[in-house]
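Overview (structure and organization)
So you can see what is in the structure, the chains are spelled out below.
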Amino acid sequence: MEDKINKIKKWINKGGFPFEMKVAKAFKEGGFQIGQSILFKDSETGKYRETDIIAHITKSVENVWFNLSFVVECKKVVGKPWIVLKSDSEYQTQKDKLPIFGSNNAQLLFKKVHSESNYRSPLIFPDLTNYGYNIITAFSEKNDSSYTASQSVLKAIDYLVNKSNESDSKFCNIYIPIIAIEGELYDGSLTSDNEIKLEEKSVSTFVSTKSFEENGLSVITVVTAEKLTEYIDELKLDCTIFFEKYDKELKDIAKSNPTNLALTMYDNDF
């Protein structure tokens with residue numbers, strides 16, 4: 001019996017399940033509410049898939065729940081480092097866009113804080129000038145794990161946003177994608193001599209852009225296992241400051257039409 005248990009443990013450890021469990025535990029210990037293995041429908045295949053972790057920070061304002069939800073994809077990539085490709089070009093044409101996913105109420109909140117508040121939360125106002133433009137997996141000819149993970153987390157969020165907007169419940173959902181990896185992470189860029197320069201990182205972020213789509217800009221953060229606890233602490237602090245700094249705007253949204261169903265021009269009174 002003991003031999004069988006050891007074989008099962010060895011088999012489990014070969015995959016990514018232990019790392020996913022460690023990530024969920026770290027978020028829970030960091031003060032987040034946790035959901036694991038949440039099903040979502042793939043928009044391309046129509047089949048249900050699992051997202052690894054959804055970590056929430058929530059606050060009730062005027063009987064409306066405001067949710068900061070971090071959708072986390074976990075990957076074990078030992079032996080195949082991920083590289084975030086960067087260049088000197090800035091996303092000048094994208095700077096005025098807010099590349100953050102949210103329900104209809106969240107979109108109203110984004111516009112409101114953009115026009116009425118001087119505070120720029122890094123959760124919804126990322127500095128696009130310092131982000132990579134692509135991510136690749138080293139030593140991989142097929143089935144690039146970095147591409148698969150990024151597409152999976154974005155599809156999960158897209159599904160969650162659509163389901164949020166079908167509800168008449170009083171909530172405002174903001175979704176932020178994260179990929180946690182057990183393995184190495186690098187930033188890759190081109191030197192002035194046209195040589196590839198690699199710099200090892202514990203956290204890096206890249207922009208995924210879809211051509212000819214109004215909301216085709218997505219920002220994804222990749223964090224390594226070594227940095228995870230510190231990164232989660234920083235996220236928790238950003239969430240606390242978010243709710244403090246945007247207290248007025250949150251109350252204004254809560255007093256307006258609080259559901260996420262499609263609104264008319266007559267539904268808002270602010």
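A brief look at the structure comes next. Values in this document were obtained by computation on a predicted structure and should not be read as measured data.

Some thoughts on the environment of G79
Relative to the helices and strands, G79 is located in the loop between β3 (64-76) and β4 (82-85). Separated by 105 residues in the primary sequence, G79 and E184 have C-alpha atoms spaced 8.0 Å apart.

Digging into the packing of aromatic side chains
Counting across every chain of the model gives 5 aromatic pairs. Taking the centre distance of 5.8 Å and the plane angle of 80 degrees together, the rings of F32 and F70 count as edge-to-face. Of the two residues, F32 sits in the loop between α2 (17-29) and β1 (33-41) while F70 sits in strand β3, which places them 38 residues apart along the sequence. Each of the two residues, F32 as well as F70, counts as buried. Relative to F243, the ring of F242 has its centre 5.5 Å away and its plane inclined at 85 degrees; by these criteria the two rings are edge-to-face.

Some words on unusual backbone geometry
Unusually for a residue other than glycine, N63 sits at a positive phi of about 65 degrees. Of note, N63 is situated in the loop between β2 (48-61) and β3. The exposure class of N63 is exposed, given its relative accessible area of 65%. Unlike most non-glycine residues, F139 shows phi in positive territory, near 60 degrees. Position of F139 among the secondary structure elements: in the loop between β6 (134-137) and α4 (145-164).

A word on the pattern of salt bridges
Evaluation of the coordinates by the stated rule reveals 9 salt bridges. Between K163 and E166 there is a salt bridge, with the nearest N and O atoms lying 3.1 Å from each other. Residue class for E166 comes out exposed when judged on its relative accessible area of 54%. Here the residues in one salt-bridge network are K112, E116, K248 and D252, joined through shared partners.

Remarks on the nonpolar core
Counting 42 residues, the largest nonpolar core has F70, I124 and I174 as the members making the most contacts within it. Element by element, the count of residues in this core is highest for helix α5 (residues 228-245), at 7 residues. The next biggest cluster of nonpolar side chains, apart from the first, holds 23 residues, and it includes V71, V77, W82 and V84.

What to know about the pairing of strand β9 (residues 196-200)
Of all the 5 residues making up β9, 0 are buried; the element is thus mostly uncovered. The sheet contact formed by strand β8 (residues 185-190) and β9 spans 5 bridges and is antiparallel. Among the inter-strand pairings, G188 is bridged to a residue of β9, identified as L198. Connecting the antiparallel pair β8 and β9 is a turn made up of 5 residues, with N194 showing a positive phi of about 60 degrees.

Reading the values: rules and limits
- Residues numbered from 1 in each chain as written.
- Predicted model: local features only at pLDDT ≥ 70, side-chain atom pairs only at ≥ 80, totals over all residues.
- Heavy atoms only, no water.
- Helix = DSSP H or I, 4+ residues; strand = E, 2+ residues; numbered from the N terminus.
- Phe/Tyr/Trp six-rings, centres within 6.5 Å; stacked < 30°, edge-to-face > 60°.
- Buried < 20%, exposed > 50% of the residue type's maximum accessible area, 1.4 Å probe, protein only.
- Salt bridge = Lys/Arg side-chain N within 4 Å of Asp/Glu carboxyl O.
- Core = buried A, V, L, I, M, F, W, Y, C linked by side-chain atoms within 4.5 Å.
- Pairing = 2+ DSSP bridges.

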